[in-house]
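Each chain, written out:
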Amino acid sequence: MPVPILRQADLLVATIQASLSDQDLVRFRDDLAREIGRARSTGVVIDVTALDVLDSFASRVLRTIAHTARLRGATTVVVGIQPGVALAMVQLGVSLEGIPTALDFEDGIALLRGRRRKKAHEEGAHGG
Amino acid sequence: MASTSSMVFAAPSFMTEMGLTEHDIQRRVQIAGLTSEDLARIRAIRELVERDVGRHADAFFDYLASLTEAKRLFERRDVLERARALKREHLIAMVQGDYGRAYVEERVELAILYSKASLEPRVFLAAFRCLMRSVGAAISARFAGQPGQGFEHYASFEKIAFFDVSLIIDVIVFERERIIHQQQEAIQELSTPVLPVRERTLLLPIIGVIDTARARLLTDSLLRAIRANRARVAVMDVTGVATIDSKTANHLLQTVAAARLMGASVIITGLSPEVAQALVAIGINLERLTTVGDLRGGMELAEEIVRMRTVPRDDVRDEDA
Amino acid sequence: MAADIVVPIEHEQDIVMARQQGRQLVAEMGFSSTEQTLVATAISEVARNILMYARHGEIVLTALQSENRRGIEVVARDEGPGIANPALALTDGYSTSGRLGLGLPGARRLMDELDLATVPGEGTTVTLRKWAP
């Protein structure tokens, strides 16, 4: 079952369902790459609230997805990591290093907008 | 079974909690050592027991009534009547020859009732002995000319009795331990409060010794509170902590990292030079933590973080930065 | 000791089944939601190792009872290539990207006990245990 990717202004939003297969994840990565190009998005919010386990495989895929998005000029934010899942990830030693995380969808959007503002500000300040 | 109403639903879930599975029940029956001869003898004394069931059950309760330790059971008339009725039903069930799940459920139900009335095992056992004596006397009278037979029949009945008693005692003990456990948890929770002090800000004042158990509780409380309060920052004040061992320190580091995954920054305040040194000695890299000298400074930083929606520099290192 | 739950691991859906069964088992024992997740994650890791390195194997879940503590035992068994250097596999030497290494040190952190038995060319058995606090 494909992951639906929705547009929110210049951002893309995707909600990962609990029953996602490995194949679905790979397909999602490709779909996302395409959508980013099509929509010229600068940011992606991936909601993993429904995931009750985020193991080393899943986090590897997320990093790949974020990397793919980055190559297309978009920043990825992962939101909705549950308390138990967060602790399990830390104990397991998996890292989402490189990917910012936020509590929920709302904060994820705010984070992306804030970065964009910050970046624009810095570029402006450097006389860009 | 007439008046069992609401209580009978408590037994099955209680049994699951206790680990009283089908397998466990069968094992108990095996341990009781019931043979077909036993069952035959029990059949033989069935009518005898049923005929005077009221008197035998009364032997149990009359003895309890004489003990101050059992007075709670006699406080409420409806509870007492219920217990009496169940006791009579149980006595009858004891000599029916079927000792499966339904039989066990009835006993557990009665035991739960005893437990709620704070009936101690020693009190219960003393009263139960009176009941056994009453039944024993009846059996003895029935086999007046054959004491050997009388003894065998009593011994068979006794096997069922011991089966029952083991169940009831185990339930009472389990319930008691569960209450103690709950109290301990309540105490622990009180000692690791997580306070939502400001918008999207949590304060954790930690006092005393943090051991692994407390650290675990802290982690759970903090992460849940982050979600419930949509917290962006948690200020953990350790002014009142004298020492932390390496296991606990590592656990706290994990907590900070997990909080970060949930989008919250953790600020540690009140870290004494001694504790800081101890942490460094263990190998904890303090640079990975955001620490501020005192609580006030920590709260100010927290406010800034929430207001500016910025992330402290030494937090997430990401591709953008 | 109750009956074992055996989950054959042949496809990735089996990984999900194994961890769901594990979660349910410890939930019945009264493990907290967080602890359930830790167990489910550990199961996910070792089950995935089976798929990745041995193609097929099984996960056996057993409810444990010791004194008055309850716990779960997870046995991940396969007849795959085995682990050439078990000592190394148990140390946190590799980067946390998880690409290298089997995540065994991580799995041990998630659980309370870990035992590793492996014979190169014959197979591997990873045994994990976690107790209710």
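Quick notes on the rules
Residues numbered from 1 in each chain as written. Chains lettered and ligands numbered in written order. Predicted model: local features only at pLDDT ≥ 70, side-chain atom pairs only at ≥ 80, totals over all residues. Heavy atoms only, no water. Helix = DSSP H or I, 4+ residues; strand = E, 2+ residues; numbered from the N terminus. Rg over C-alpha atoms; globule rule 2.2 N^0.38 Å. Buried < 20%, exposed > 50% of the residue type's maximum accessible area, 1.4 Å probe, protein only. Contact = heavy atoms within 4.5 Å. Areas by Shrake-Rupley, 256 points an atom, 1.4 Å probe, with all protein chains shown as cover. Lys, Arg positive; Asp, Glu negative; His and termini not counted. Charge placed at Lys NZ, Arg CZ, Asp CG, Glu CD. Core = buried A, V, L, I, M, F, W, Y, C linked by side-chain atoms within 4.5 Å. Buried area = accessible area lost by both parts, 1.4 Å probe. Salt bridge = Lys/Arg side-chain N within 4 Å of Asp/Glu carboxyl O. Polar contact = N/O pair within 3.5 Å; in protein donor to acceptor, adjacent residues only side chain to side chain. Axes fitted to C-alpha atoms, helices over the stretch in contact; angles between N-to-C directions. Parallel < 35°, antiparallel > 145°, perpendicular 65-115°, else oblique. Left-handed = near helix turned anticlockwise from the far one by under 90°. Nonpolar A, V, L, I, M, F, W, Y, C, P; charged D, E, K, R; others polar. Pairing = 2+ DSSP bridges.

Caption draft 1: Structural detail: the overall build of chain B. The number of helices and strands found in chain B is 12 helices and 5 strands. Its C-alpha radius of gyration of 30 Å places chain B more than 25% over the 20 Å reference for a compact globule of 321 residues. Counting all 321 residues of chain B, 45% fall into the buried class. Within chain B, residue pairs in contact and separated by at least 24 positions form 79% of the contacts whose partners lie at least 6 positions apart. Approximately 16300 Å² of chain B is accessible, and the part contributed by carbon and sulfur atoms is 54%. Side-chain charges in chain B split into 41 positive and 44 negative, and the spacing between the mean points of these groups amounts to 3 Å.

Caption draft 2: Looking closely at the environment of B:Arg142. All names here are of chain B. Here Arg142 shows up in helix H7 (residues 121–142). Take Arg142: its relative accessible area is 48%, and that puts it in the partly exposed class. Separated by 94 residues in the primary sequence, Arg142 and Leu48 place their C-alpha atoms 8.2 Å from one another.

Caption draft 3: Spatial organisation of the nonpolar core. If you look at the biggest cluster of nonpolar residues, it comprises 100 residues, and the most contacted ones within it are A:Phe28, A:Leu54, A:Ile81, B:Ile226, C:Ile59, C:Ile72 and C:Leu128. The biggest single contributor to this core is helix H2 (residues 33–54) of chain C, with 8 residues. Counting 56 residues, the second largest nonpolar core, distinct from the first, contains B:Phe60, B:Ala70, B:Phe124 and B:Ile139.

Caption draft 4: Layout of the interface of chain C and chain A. The interface of chain C with chain A comprises 21 residues on the first partner and 19 residues on the second. Interface of chain C and chain A: buried area, both sides summed, is about 1800 Å²; carbon and sulfur atoms make up 49% of it. For the pair chain C and chain A, the number of links is 2 salt bridges. For the salt bridge of A:Asp55 with C:Arg48, the shortest nitrogen-to-oxygen distance reads 3.4 Å. Where chain C touches chain A, the interface holds 5 residue pairs in polar contact (both at pLDDT 80 or more). Taken together, the elements giving at least two residues each to the side of chain C that touches chain A come down to helix H1 (12–28), H2 and helix H4 (104–110) of chain C. In terms of residue count, H2(C) provides more of the side of chain C that touches chain A than any other element does, 9 residues in total.

Caption draft 5: The arrangement of the packing of helix H1 (residues 22–39) of chain A against helix H2 (residues 56–71) of chain A in detail. All names here are of chain A. Two numbers describe how H1 lies on H2: the axes approach to 9 Å, and their chain directions differ by 15°. Considered as vectors, H1 and H2 are oriented roughly parallel to each other. Pair H1 / H2 crosses with right-handed handedness. On H2, the residues touching Asp22, Leu25, Phe28, Arg29, Leu32, Ala33 and Ile36 of H1 are Phe57, Val61, Thr64, Ile65, Thr68 and Ala69. Residue composition of the contact of H1 with H2, grouped by class: 9 nonpolar, 2 polar and 2 charged.

Caption draft 6: Region of the structure containing the sheet that holds strand S2 (residues 57–66) of chain C. All names here are of chain C. Pairing within the open sheet is antiparallel, and its 5 strands lie in the order S1-S2-S3-S5-S4. Looking at which strands have only one partner, the edges of the open sheet turn out to be strand S1 (5–9) and strand S4 (113–119). For this sheet, the mean inter-axis angle between neighbouring strands, taken without regard to orientation, is 15°. Strand contacts of H1: S1, S2 and strand S3 (69–78), with the helix running at about 160° to S1, the strand carrying the most contacts.

Caption draft 7: Summary view of the sheet that holds strand S3 (residues 233–240) of chain B. Residue and element names in this part refer to chain B. Spatially, the 5 strands line up as an open sheet ordered S1-S2-S3-S4-S5, and their pairing is mixed. Two strands close off the open sheet at either side, each with one partner strand: strand S1 (195–198) and strand S5 (290–292). Neighbour-to-neighbour, the strand axes of this sheet turn through a mean angle of 30°, independent of strand direction. Two strands pair when backbone bridges link them, and S1 and strand S2 (residues 201–207) are joined in this way by 3 bridges, in the antiparallel orientation. Looking at the pairing, Arg198 lines up with Thr201 of S2. In the packing of helix H12 (residues 295–308) onto the sheet, contacts are made with S1, S2, S3, strand S4 (265–269) and S5, and the angle to S3 comes to roughly 175°.

So far we have only geometry, and geometry alone does not tell us how the molecule works.
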